[in-house]
Amino acid sequence: MAYIACEDLMLGYDGNVIAKNIRFEVNKEDYLCIVGENGAGKSTLIKTLLHLMEPLGGKFIIGDGLKPYEIGYLPQQTAVQKDFPASVWEIVLSGTLPKCGIRPFYGKAQKQLAEEHMKSMAVWELRKQCYRNLSGGQQQRVLLARALCATTKVLLLDEPVTGLDPKMAAEFYRIIQQLNSDGIAVIMVSHDIQAAIRYASHILHVEREGSFFGSKEEYLKSDEWKGFQYAGGEVERKALSAIDSTSAKADRGYEDE
Ligand SMILES: Nc1ncnc2c1ncn2[C@@H]1O[C@H](COP(=O)(O)OP(=O)(O)OP(=O)(O)O)[C@@H](O)[C@H]1O
């Protein structure tokens, strides 16, 4: 049985459908990338997987021993979150909260877990620093350490490399790939389609009517992938033609206006 299995899932708000017929599953060691256009419903799907909202229809089953609170979540970073006035230690430790049960304080086991993951993500030396003073790459490693405190099974990452420079993004992808090789299933929402193709084992392409789900190899033969390629190619072609026309005007030494 899969960790997560969705059948005919229908997503929306206040009865208004955003996406329907979503079907996918996530098994141990899978690396699923969720792609799709802006507003397709990717973040809404994530909220559903985290039990923050109910689907409008369809089935969403958790299995293979996965508990609903065992999904480690790395949220999309907003400006407010980047400016959060807490120490690195406090942020990582808060990832152990689901394991505190009804006790209102952190025990020795939670503190040890937080220390272990801060060390593995190389942020232990930063533990007393304020989170908002860290670089974007350091902040993402802190949030990853926090997410790992919650799970040994499934990581859910919402656009984790947004705002990172190419070197930091590559380093982040390397860390995620290693965690996946170590046996953690990865679910990642991403607009970085090249990285999705490079690292994912499976792709869910969310669309309003019928989403695609399959292996990466199947996706590369799909109409959804061709559509994305075409849209990307069009944007690139228009951008290049705009640059060409500006350069041509500059070469002529005048503007048309
Ligand atoms: N709380 C809400 N109430 C009503 N509609 C919402 C709410 N949150 C999002 N929406 C709408 O749902 C649709 C899907 O939004 P969602 O954020 O899930 O898309 P997305 O695929 O994650 O987009 P992006 O790639 O731009 O982050 C959008 O039309 C959005 O305006």
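Reading guide: rules and limits
- Residues numbered from 1 in each chain as written.
- Predicted model: local features only at pLDDT ≥ 70, side-chain atom pairs only at ≥ 80, totals over all residues.
- Heavy atoms only, no water.
- 1 Å grid on protein atoms, 1.4 Å probe; cavity = no way out; pocket = protein on both sides within 12 Å on 5 of 7 lines; lining within 4 Å.
- Points joined across faces, edges and corners; volume = space filled by probe spheres on them.
- Helix = DSSP H or I, 4+ residues; strand = E, 2+ residues; numbered from the N terminus.
- Nonpolar A, V, L, I, M, F, W, Y, C, P; charged D, E, K, R; others polar.
- Pairing = 2+ DSSP bridges.
- Axes fitted to C-alpha atoms, helices over the stretch in contact; angles between N-to-C directions.
- Contact = heavy atoms within 4.5 Å.

> Provide a residue-level description of the layout of surface pockets, including the pertinent values.
If you add up the space inside the largest pocket, you get close to 240 Å³. Taken together, 15 residues form the lining of the largest pocket, with Leu50, Ile71, Tyr73, Pro98 and Ala150 sitting closest to its centre. The set of elements that each furnish at least two residues to the lining of the largest pocket consists of strand 5 (71–74) and helix 5 (136–150). Partitioned by chemical class, the residues of the lining of the largest pocket number ten nonpolar, four polar and one charged.

> Can you lay out empty space enclosed by the protein for me, pointing to particular residues and giving the numbers?
What the rule picks out here adds up to one cavity of 30 Å³ or more. For the largest cavity, the calculated volume is near 40 Å³. Every residue lining the largest cavity is listed: Gly137, Arg141, Leu164, Met168, Glu171, Phe172 and Ile175. In terms of residue count, helix 6 (residues 166–181) provides more of the lining of the largest cavity than any other element does, four residues in total. Looking at the lining of the largest cavity residue by residue, the class counts come to four nonpolar, one polar and two charged.

> Hey, could you go over the sheet that holds strand 8 (residues 202–205) for me, with residue numbers and the actual values?
A sheet is described by the order of its strands in space; here six strands give the open sequence 5-6-7-3-8-9, paired in mixed fashion. Edge positions in the sheet fall to strand 5 and strand 9 (212–215), since each of these pairs with one other strand and no more. Each strand axis lies, on average, 15° off the axis of its neighbour in the sheet, ignoring direction. Summarising the sheet, strand 3 (residues 31–35) and strand 8 pair through four bridges and their orientation is parallel. For Ile34, the partnering residue across the bridge sits in strand 8 and is Leu204. Each of strand 3, strand 5, strand 6 (154–158) and strand 7 (185–189) is contacted by helix 6, which is oriented at about 145° to strand 7, the strand it contacts most.

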